[in-house]
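# Tertiary structure, described
The primary structure of each chain is shown beneath.
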Amino acid sequence: MLSRLGALLQEARGGREPSIDLLGAFVEHWKGITHYYIESTDENTPAKKTDIPWRLKQMLDILVYEERQQAAAGEAGPCLEYLLQHKILETLCTLGKAEYPPGMRQQVLQFFSRVLAQVQHPLLHYLSVHRPVQKLLQLGGTVPGSLTEKEEAQFTTVLCSKIQQDPDLLTYILEGKIVSRKKASREPSALPREAASVKDKEHPHSKAPDRASCGTRALTTQLPAETQEPDGGPGEGSLITSLIGLCKSKKSRVALKAQENLLLLVSVASPAAATCLVQSSPCCPAIVEHLCRLYRSVPTFLDPADIATLEGISWRLPSAPSDEASFPGKEALAAFLGWFDYCDHLVTEAHPVVADALAKAVAEKLFMEILQPQLLHVSEQSVLTSTALLTAILRQLRPAALLREAVAFLLGPDQQAAAPEDSPRTLCSHLIGHCDHLSDEISVATLRLFEELLQKPHEQIIRSLILCNLEGRPYVARGSPEPESYEDTLDLEEDPYFTDGFLDSGFQPSTKPPPAPATNSDGRTAVTEIVNSFLCLVPEEAKTSAFLEETGYDTYVHDAYGLFQECSSRVAPWGWPQSLTPLDPHEPERPFFEGHFLQMLFDRMSRILEQVIGDLMQRIQRVPQFPGKLLLVRKQLMGQVPGEQLDHQTLLQGVVVLEEFCKELAAIAFVKFPPHGPHVHLSPPSEGHV
């Protein structure tokens, strides 16, 4: 037989017609495999040390060669018909499940992959191919660390490649039912789509020896009864289940390939296949279940600063960067953020039906069932870690469907204007309360959460937190004429921090701004007054930026202008009016309340001014050599000189930071006024500003 096959292949390479019957050679190789099971008594010899791999390879070569010689494209040749009619693939699948001889499953997976990849005739619509493919999928992807992970990955890759070529196949693969042996005899030899293209399927090919079927039946009777049918009911094992199982592999290449294949499936799905993915497969629940499992594996004692170091984790490179400092739980955190990034990409690339279902599953299982109880927990550590993790999630979140669910989770559906006496018990109200928590760590972490939220391109965020209480301009007194310019509303002497009592306490600005001249047509005078109102908050005796050749608030103008442009671009699609709506003088005036979020921010800012500026002059009088020490601390914060511990270090650092904070506020006020931005040349900021 070996010499006959060698002659066949030699003649094939020489371009001559083979002198032996291809079908006869094909049947002989199949008989050689079946006879091994009938005659062999050695149960310990690995499959790779038998002639089974070689015979499977010859059968594959014959199928490929036969197809190339077919005169009519698309017709099944005698060898392929024999493979289909005698259910060779089903028998091989049974042998693979039995794992006899040891390693047979690996050989079967390789043969299936090569046949499906190299034979161009469409095979997956045939029931004699479809059934064993479904059975083989059931055998893999369920046990992490399987010895056949590599072969399973190759098998699923071939299936996904076929589905990419013909997306309609996805529905057949997902809806595939494993038919019992009693029903198999009544099934057609192909699924409806291919039934018309198959000739004479009820009758074996005229050249096919009937004796081989006797060997197959004898082989089946030699195997244990439990290996002849797959375990479990229909649908328990599927392509989706196998892919998700392989995504969990410890072998990075196997996991990455499985993730790429799953991403391919959800992106090429037709409407019918997308509906099937959502309704008839474990796709969304399994993906989110793995996400929740990874979240639960993250320690609850993580430092928010450590969480921030892993910003930018990608699903393609989920391992934590090796150059970053190590901390307990780093690998678990990197694994969770990497899988969340993968879910983010799935929602982005998937058919809208799948994207919406996956986003809702993330919201229900991760946000509602896990994160919300932690955010509302009495344990400060639980609140701190979950808030920092939610911030990291928001930072990575991009698709509209997932952002919509995150906004609904955090802010709820209610966008009605709030009243001071309202005390809503929503998650949003709790988070706003956490911004002013007794724990500074929780306050800072929650403020960072809202900062990340406000940068997302979703109109409901701005409306719920800020605009719902400002619409209609209730902050303007009704019945009084509107000012012709903004300068008419500015009077520094009416500011609570510039009252006589405050000035008498020791806080004396070195210069008082002169009376404002007439307003220019571009409103430049008004913006000057606004800028000065921020800059004058810090007394001249406590300012040090001028000693380092810094030019004041203009060092922040470049960054502030970029931020202003970014915000303007973000809100442009929302169709906001370009000018103020005139007030109706007859509309009754109602008490103005800025809303709980703005109220919290203003309360915190007012306390900053009271705790620093209120008694700043008295405190700095008690610091020896205050100007020199303050300048030294500024240089330390800028990294110009080595850090050393000084007396009153916290006070000195606070003074420097306060000066920079006021300069930054002044810069923001400058770039957003007049409405279309300043028509000035913006140079880059000076190097090294705090």
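Refer to the structure above for everything that follows.
Residues numbered from 1 in each chain as written. Predicted model: local features only at pLDDT ≥ 70, side-chain atom pairs only at ≥ 80, totals over all residues. Heavy atoms only, no water.

This brings us to the packing of helix H7 (residues 127-139) against helix H8 (residues 149-165). Interaxial distance between H7 and H8 falls to 11 Å at its minimum, and their mutual angle equals 140 degrees. Here H7 is positioned oblique relative to H8, judged by the angle of their axes. When the axes of H7 and H8 are compared, the crossing they make is left-handed. Here H7 contributes Val133, Leu136 and Leu137 to the contact with H8, which in turn contributes Phe155, Thr156 and Leu159. For the contact of H7 with H8, the per-class residue count stands at five nonpolar, one polar and no charged. (Axes fitted to C-alpha atoms, helices over the stretch in contact; angles between N-to-C directions. Helix = DSSP H or I, 4+ residues; strand = E, 2+ residues; numbered from the N terminus. Parallel < 35°, antiparallel > 145°, perpendicular 65-115°, else oblique. Left-handed = near helix turned anticlockwise from the far one by under 90°. Contact = heavy atoms within 4.5 Å. Nonpolar A, V, L, I, M, F, W, Y, C, P; charged D, E, K, R; others polar.)

A few words now on unusual backbone geometry. Leaving glycine out, the prevailing phi sign among residues is negative, and the prevailing peptide bond configuration is trans. Between Tyr100 and the following residue, Pro101, the backbone shows a cis peptide bond with an omega angle of -5 degrees. Following the sequence through the fold, Pro101 ends up in the loop between helix H5 (88-98) and helix H6 (104-118). Positive phi values are uncommon outside glycine, yet Gln625 reaches one of about 50 degrees. For Gln625, a relative accessible area of 64% gives the class exposed. Although it is not a glycine, His648 sits at a positive phi angle of roughly 60 degrees. Residue position: His648 is located in the loop between helix H30 (626-637) and helix H31 (649-671). (Buried < 20%, exposed > 50% of the residue type's maximum accessible area, 1.4 Å probe, protein only.)

It helps to recall that an α-helix has 3.6 residues per turn; residues three or four apart then point in one direction. With 24 residues, helix H19 (residues 352-375) extends just 30 Å between its outermost C-alpha atoms, more than 12% less than the 34 Å of an ideal straight helix rising 1.5 Å per residue. The largest bend in H19 amounts to roughly 40 degrees and is located at Phe367. (Expected span 1.5 Å × (residues − 1). Bend = angle between axes of the 7 residues up to and from the residue.)

Our next topic: the packing of H5 against H7. As a packed pair, H5 and H7 sit with axes 8 Å apart at the nearest point and diverge in direction by 15 degrees. By the angle between their directions, the pair H5 and H7 is classed as roughly parallel. Like other packed secondary-structure pairs, H5 and H7 cross with a definite hand, here left-handed. In this structure, H5 uses Leu89, Glu90, Cys93, Gly96 and Lys97 to contact H7, whose residues at the interface are Leu127, Ser128, Val129, Arg131, Pro132, Lys135, Leu136 and Leu139. Taken together, the residues that form the contact of H5 with H7 break down as seven nonpolar, two polar and four charged.

Time to look at the nonpolar core. Core analysis: the largest hydrophobic core is formed by 141 residues, its most contacted members being Leu92 and Leu366. Grouped together as the second largest cluster of nonpolar side chains are 18 residues, Ile613, Val623, Phe626 and Leu652 included. (Core = buried A, V, L, I, M, F, W, Y, C linked by side-chain atoms within 4.5 Å.)

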